[in-house]
Amino acid sequence: MKNLTNISVIKELLEKYGFKFSKGLGQNFLINPSVCPKIAEYGLAKEGYGIIEIGTGFGTLSCELAKGADKVVAVEIDSRLIPVLDETMSEFDNFKVINADIMETDLNALIKDEFDGLKVAVCANLPYYITSPVIMKLLESEIPVDAITVMVQKEAAGRLCAKMGTRESGAITAAVNYYGTAELLFNVSRGSFMPAPNVDSAVIQIKPDNKYRNKIHDKSLYFKVIKGAFAQRRKTLANSLNSAMGIEKEKIYDILREIDLPETARCEQLTMDNWTEFVNILKNII
Ligand code: SAM
């Protein structure tokens, strides 16, 4: 098996296939040998599991996933990588690559077709230009996965894993919290990639659960409120929801009082329990 974190091996492949990294596709490949085994271990690449990988590069993470899991199906948009993977992944008969855009891929169908009888998890070193859309797609499609373990920019990791009710939280935090629980696993320095990006990274894990999905009575209202509130996060909740959704301020004050929050509350002060109560009461009065 080729050591895909070895610079000379990578250079050989670059030359052999005339491959040039595409900045537009977020192609920063991992070259730090300690990172992929860790992602694979946290990411449930073990017996009984099928893993969906997003973006293979030369297959550095794919190898580690295929070593542990029963099956790995990777979705890779760049057709130039397919012949490279034919070579680098040749010894793994439990690995399959689909040449497609993850944003256009029907993940529920993929799971049904590829992972019959297996538990499923998602692992990826995500292309950073579509981090949030990919994470939202994974969550919104409500695919039956035990964990989503992904490398993202450190700054994005901070938002995704922020605690609700703190200044670090944002609309994406509120969205993630609706579907599950996010945790920051470990940081990865920019020097771990080729070419090195301008920012550091972190690996996070989202475990889907029903904690809030079951409690929030109107999903679409929750997402409308979150979007409206965080779009003008410096304003008070009453002001931002009044301008975003046309809800009378008095009604918002009433709800805030009912849930023991001041009229001046801003969106970043509300915990998930606060949002749950807020939206459930709002649903009954509008
Ligand atoms: N997993 C490899 C690694 O860790 O070395 C590569 C990670 S690189 C950050 C991101 C990968 O995602 C690239 O291979 C890129 O071509 C692929 N990619 C970019 N946009 C994609 C999309 N929309 N759908 C599927 N793959 C995509």
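Please read these numbers as outputs of a predicted model, since none were measured by experiment.

1. Observations concerning the packing of aromatic side chains
Going through the model one piece at a time under the given rule, you end up with 13 aromatic pairs. Between the aromatic rings of phenylalanine 29 and phenylalanine 58, the centroid separation amounts to 5.1 Å while the plane-to-plane angle is 65°, which identifies the pairing as edge-to-face. Of the two residues, phenylalanine 29 is situated in strand S1 (residues 29–30) and phenylalanine 58 in the loop between strand S2 (49–54) and helix H3 (60–68); the sequence distance between them amounts to 29 residues. Phenylalanine 58 matches phenylalanine 29 in its accessibility class, with the two residues each being buried. Pairwise contacts between aromatic rings join Phe19, Phe21, Phe29 and Phe58 into one cluster. Stacked on the ring of phenylalanine 186, the Lys or Arg lysine 38 has its end atom at 4.2 Å from the ring centre.

2. Considering helix H12 (residues 272–285)
Between its first and last C-alpha atoms H12 spans 20 Å; for 14 residues at 1.5 Å apiece the expected length is 20 Å, and the two agree. Those residues of H12 lying buried are Met272, Asn274, Trp275, Thr276, Phe278, Val279, Asn280, Ile281 and Leu282. If you follow the buried residues of H12, they end up packed against helix H8 (171–179), helix H9 (219–231), helix H10 (237–245) and helix H11 (249–258).

3. Considering unusual backbone geometry
Cis geometry marks the peptide bond from methionine 194 to proline 195; its omega dihedral reads -10°. Turning to its location among the elements, proline 195 is positioned in the loop between strand S8 (193–194) and strand S9 (201–208). Residues other than glycine seldom take positive phi values, yet leucine 44 does so here, at roughly 70°. Of note, leucine 44 is situated in the loop between helix H2 (35–42) and S2. Residue class for leucine 44 comes out buried when judged on its relative accessible area of 16%. Even without being a glycine, glutamate 142 presents a positive backbone phi close to 50°. In this fold, glutamate 142 is placed in the loop between helix H6 (131–140) and strand S6 (148–153). Exposure remark for glutamate 142: the relative accessible area of 38% places this residue in the partly exposed category.

4. Some thoughts on the domain arrangement of the chain
We note that the domain assignment places domain 1 (7–208) and domain 2 (219–283) within the chain. At the junction of the two partners, domain 1 supplies 15 residues and domain 2 supplies 12 residues. Both sides together, the interface formed by domain 1 and domain 2 hides about 1100 Å², and carbon and sulfur atoms give 63% of it. Considering only the surface of domain 1 that becomes buried against domain 2, Met164, Gly165 and Tyr178 emerge as the three largest contributors, covering 41% of it. Seen at the junction of domain 1 and domain 2, the total is one salt bridge. Between lysine 219 and glutamate 142 there is a salt bridge, with its nearest N and O atoms 3.2 Å apart.

5. Thoughts on the site of the ligand
Taken together, 24 residues are adjacent to the ligand, and Leu30, Glu76, Asp101, Asn125 and Tyr129 come closest. In the model, a nitrogen atom of the ligand is placed 2.9 Å from a nitrogen or oxygen of the isoleucine 102 main chain. Across the complex, the protein chains shield 99% of the 600 Å² of accessible surface that the ligand would expose by itself. The cavity where the ligand resides is the largest cavity. Every element with two or more residues in the shell around the ligand is listed here: S1 and strand S3 (71–76). The class makeup of the residues in the shell around the ligand is 12 nonpolar, eight polar and four charged.

About the criteria used
- Numbering of residues begins from 1 in every chain and follows the order in which that chain's sequence is written.
- Given that the model is predicted, a residue must reach a pLDDT of at least 70 before its local features are reported, and side-chain atom pairs must reach 80 or more before they are shown or counted; all residues, however, enter totals for whole chains, interfaces and linings.
- Excluding hydrogens and water, the side-chain figures rest on all heavy atoms present in the structure.
- Stacked, tilted and edge-to-face are the three classes assigned to paired rings of Phe, Tyr and Trp, where Trp is represented by its six-membered ring and a pair needs centres within 6.5 Å; plane angles under 30 degrees give stacked, over 60 edge-to-face, the rest tilted.
- Every helix listed is a DSSP run of H or I at least four residues long, and every strand listed is a run of E at least two residues long, numbered separately from the N terminus.
- Between buried and exposed lies partly exposed: a residue is buried under 20% and exposed over 50% of the maximum accessible area for its type, with that area taken using a 1.4 Å probe on protein chains only.
- Sitting over a ring, as applied to charges here, requires NZ of Lys or CZ of Arg to be within 6 Å of the ring centre and within 35 degrees of the ring normal.
- Under the convention used throughout, the expected extent of a helix is 1.5 Å for every residue step, that is, one less than its residue count.
- Working rule for contacts: check all heavy atoms of both residues, and any pair within 4.5 Å makes them a contact.
- An automatic or database domain assignment supplies the residue ranges for each domain.
- When two parts are put together, the accessible area they lose, computed with a 1.4 Å probe and summed over both, is reported as buried area.
- Basic side-chain nitrogens of Lys or Arg form a salt bridge, by our definition, when they fall within 4 Å of a carboxyl oxygen of Asp or Glu.
- When at least one non-hydrogen atom of a residue lies within 4 Å of a molecule or strand, that residue is treated as near it.
- Any N or O atom pair separated by 3.5 Å or less is treated as a polar contact, with the protein-specific requirement of one donor-capable and one acceptor-capable atom, and with residues adjacent in sequence counted only for side-chain atom pairs.
- Per-residue and other accessible areas were derived by the Shrake-Rupley procedure at a 1.4 Å probe size, with only the shown protein chains allowed to occlude residues.
- As defined here, a cavity is a set of points on a 1 Å grid over the protein atoms alone where a 1.4 Å probe fits but cannot get out. A pocket is an open set with protein on both sides within 12 Å along at least five of seven lines, and residues line them when an atom is within 4 Å of a point.
- Assignment of a molecule to a cavity or pocket requires that more than half of its atoms lie within 2 Å of the corresponding grid points.
- Under the convention adopted here, Pro, Cys and the residues Ala, Val, Leu, Ile, Met, Phe, Trp and Tyr are nonpolar, Asp, Glu, Lys and Arg are charged, and Gly plus all remaining residues are polar.

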